[in-house]
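Inside the fold
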Amino acid sequence: MTPLQTDRRHFAALLAGAALWPTGRALAITPDPPPIAAPSGALPAGPATGASTSIGSGLDWSSRMTAPVLIEGQGPFPFVVDTGANRTVIAAELAMKLGLPEGELEQLHGVAGMQMTPTAFASLTVGDRTGRRGPVSLLPSGAIGGQGLLGLDRIGDQCVTLDFRAQQLVIGAAAPRWAGSYEVAVHARRRDGQLTMIDADLMGVSVTAFIDSGSDSTIGNMALRRLCFDPSVKWLKVPVISATGQTMEAEMADLPNLRVGGFKLPDWPVAFVDLHTFAMWGLTERPAILLGMDVLSRFDRVSLDFARGQVRFRLPQGSI
């Protein structure tokens, strides 16, 4: 199957669990953010100072990394590790089965729009770390593609490593040290609780890039499309379905010459559409891209060090 022969149904579901934000969070970028206080329900730092927790991970049907999560001591249940979501989500069917009391409705923003969403309070355990009870959003399992999404409200105050080579999720106080020339560290800034990578470019033009492990594919805005394509390019139309229920039509083509962390990626199929989230961030006029699992999993490991404002990539041996 060539890159542009991607299954349209597969792509339609790829963004189902990606990029979720409850209303009420500031959208300002801070150049050098101070240490971030743990949000309500965040996992504690660990059983010992500087200790890291390694959790064996799996892959869901769309190749997103999952981790076993206990809810109020019950489970474990496979949750997609979603660095593009500011709010942890539990499947509504699972919440009902566990008897979690439903809370108030709140606005939840997805990639394609906003929806009023029920909430609940729950304590989650990941590995040997148990957080206090905190708010979670409830969405149908079909909308999020599984039983839950583990968002940055629970893990975003620490260093989160997606170790694709060892199939592990590692949560710790600092990024692991990887020796050799196969590692690159990229300075990043937080925006709305996420890491904003600033060291991405296309043909010398700066591109705002976000790490989104909740999406199995990569999507760019129309400003990025205008930068790199001429009218003769053949486009494949694909639907993008948000976890919050809306659908947008995107156009897909191979994106050439994108560099992330100083490394040039091979030509890769990317969908282009001005997502609701790009508009929320004020990124409809400047080139921007959400990097999904199709790009992230090409590295051995990706670490998001929220305390240091840094993203670290480990390339496979022999790739340079």
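Residues numbered from 1 in each chain as written. Predicted model: local features only at pLDDT ≥ 70, side-chain atom pairs only at ≥ 80, totals over all residues. Heavy atoms only, no water.

**Some thoughts on empty space enclosed by the protein**
To find leftover empty space, one rolls a probe the size of a water molecule over the atoms. Applying the stated criterion across every chain yields a total of two cavities of 30 Å³ or more. Quantified by volume, the largest cavity comes out at close to 70 Å³. Lining the largest cavity we find Thr218, Leu255, Leu258, Leu265, Pro266, Trp268, Val270, Ile289, Leu291 and Val295. Every element with two or more residues in the lining of the largest cavity is listed here: strand S26 (268-272) and strand S27 (288-291). Partitioning the lining of the largest cavity into residue classes produces nine nonpolar, one polar and no charged. (1 Å grid on protein atoms, 1.4 Å probe; cavity = no way out; pocket = protein on both sides within 12 Å on 5 of 7 lines; lining within 4 Å. Points joined across faces, edges and corners; volume = space filled by probe spheres on them. Helix = DSSP H or I, 4+ residues; strand = E, 2+ residues; numbered from the N terminus. Nonpolar A, V, L, I, M, F, W, Y, C, P; charged D, E, K, R; others polar.)

**Topic: the nonpolar core**
Generally speaking, a soluble globular protein has its nonpolar side chains buried in company with each other. Within the largest apolar cluster, 66 residues are counted, with the highest numbers of intra-cluster contacts made by Ile71, Ile90, Leu169, Leu255, Ile289, Leu291 and Phe313. Discounting chain neighbours no more than four positions away, the residues touching Ile71 are Phe77, Phe79, Ile90, Leu94, Leu98, Leu100, Ala122, Ser123 and Leu124. (Core = buried A, V, L, I, M, F, W, Y, C linked by side-chain atoms within 4.5 Å. Buried < 20%, exposed > 50% of the residue type's maximum accessible area, 1.4 Å probe, protein only. Contact = heavy atoms within 4.5 Å.)

**A word on the pattern of salt bridges**
On inspection of all chains with the given rule, the structure shows 10 salt bridges. Taking the shortest distance from any N to any O, the salt bridge between Arg301 and Asp163 comes out at 3.1 Å. One end of the pair, Arg301, is in strand S28 (residues 301-305); the other, Asp163, is in strand S14 (residues 159-163), and 138 residues separate them in sequence. Taking the relative accessible area as the measure of exposure, Asp163 reaches 8% and is therefore buried. (Salt bridge = Lys/Arg side-chain N within 4 Å of Asp/Glu carboxyl O.)

**Focus: unusual backbone geometry**
A cis amide bond links Gly75 to the next residue, Pro76, at an omega of 10°. Position of Pro76 among the secondary structure elements: in strand S5 (residues 74-81). Located in the positive-phi region is Glu72, a residue other than glycine, with phi close to 50°. Here Glu72 is to be found in the loop between strand S4 (65-71) and S5. Phi at Gln167 is positive, roughly 55°, even though this residue is not glycine.

**Observations concerning the confidence of the model for the protein**
Interpretation of this model should avoid reading the predicted coordinates in detail wherever pLDDT is low. Chain-level statistics for the protein give a pLDDT mean of 76 and a share of 74% at 70 or above. Averaged over each element, pLDDT in the protein is lowest for helix H1 (residues 8-14) (38) and highest for helix H2 (residues 92-98) (94). Segment residues 1-17 is flagged for pLDDT under 50; beyond a separation of four residues in sequence, or across chains, it makes 52 contacts in the model. Here residues 23-39 is modelled with pLDDT under 50, and outside its nearest four sequence neighbours on either side it reaches 25 contacts, counting other chains as well. (pLDDT = per-residue confidence, 0-100.)

**Topic: the side chain of Thr88**
Inspection of the secondary structure puts Thr88 in the loop between S5 and strand S6 (89-91). Under the relative-accessibility criterion, Thr88 is labelled buried at 0%. At a separation of 3.0 Å, a polar atom in the side chain of Thr88 contacts the main-chain amide nitrogen of Gly151. In terms of polar contacts, Thr88 uses its side chain to reach the side chain of Asp153, at 2.8 Å. When residues no more than four places from it in sequence are discounted, the contact partners of Thr88 are Phe79, Leu124, Val136, Ser137, Leu149, Leu150, Gly151, Asp153 and Arg154. (Polar contact = N/O pair within 3.5 Å; in protein donor to acceptor, adjacent residues only side chain to side chain.)

**A word on the environment of Asp254**
Here Asp254 shows up in strand S23 (residues 247-255). Along the primary structure Asp254 and Val233 are separated by 21 residues, whereas in three dimensions their C-alpha atoms are 9.4 Å apart.

**Describing a nonpolar patch on the surface**
Nonpolar side chains collect at one region of the surface, where Leu105, Met114 and Met116 lie side by side and expose about 280 Å² of accessible area between them. Its place among the elements puts Met116 in strand S8 (residues 114-117). The class for Met116 is partly exposed, based on a relative accessible area of 41%. (Patch = residues over 30% accessible without salt bridge, like charges linked within 9 Å, V, L, I, M, F, W, Y side chains within 5 Å. Areas by Shrake-Rupley, 256 points an atom, 1.4 Å probe, with all protein chains shown as cover.)

**Describing the environment of Pro76**
In this structure Pro76 comes out as exposed when scored by relative accessible area, which is 53%. Spatially, the C-alpha atom of Pro76 lies 9.0 Å from that of Val126, the residues being 50 residues apart in sequence. If we skip the residues at most four places from it in the chain, Pro76 touches Pro68, Val69 and Leu70.

**Quick word on the sheet that holds strand S18 (residues 200-202)**
What links the strands of a sheet is backbone hydrogen bonding, and the strands pair in either a parallel or an antiparallel sense. Pairing within the open sheet is antiparallel, and its four strands lie in the order S19-S18-S24-S25. In the strand order of this sheet, the two ends are held by strand S19 (205-206) and strand S25 (263-264), each with one partner. (Pairing = 2+ DSSP bridges.)

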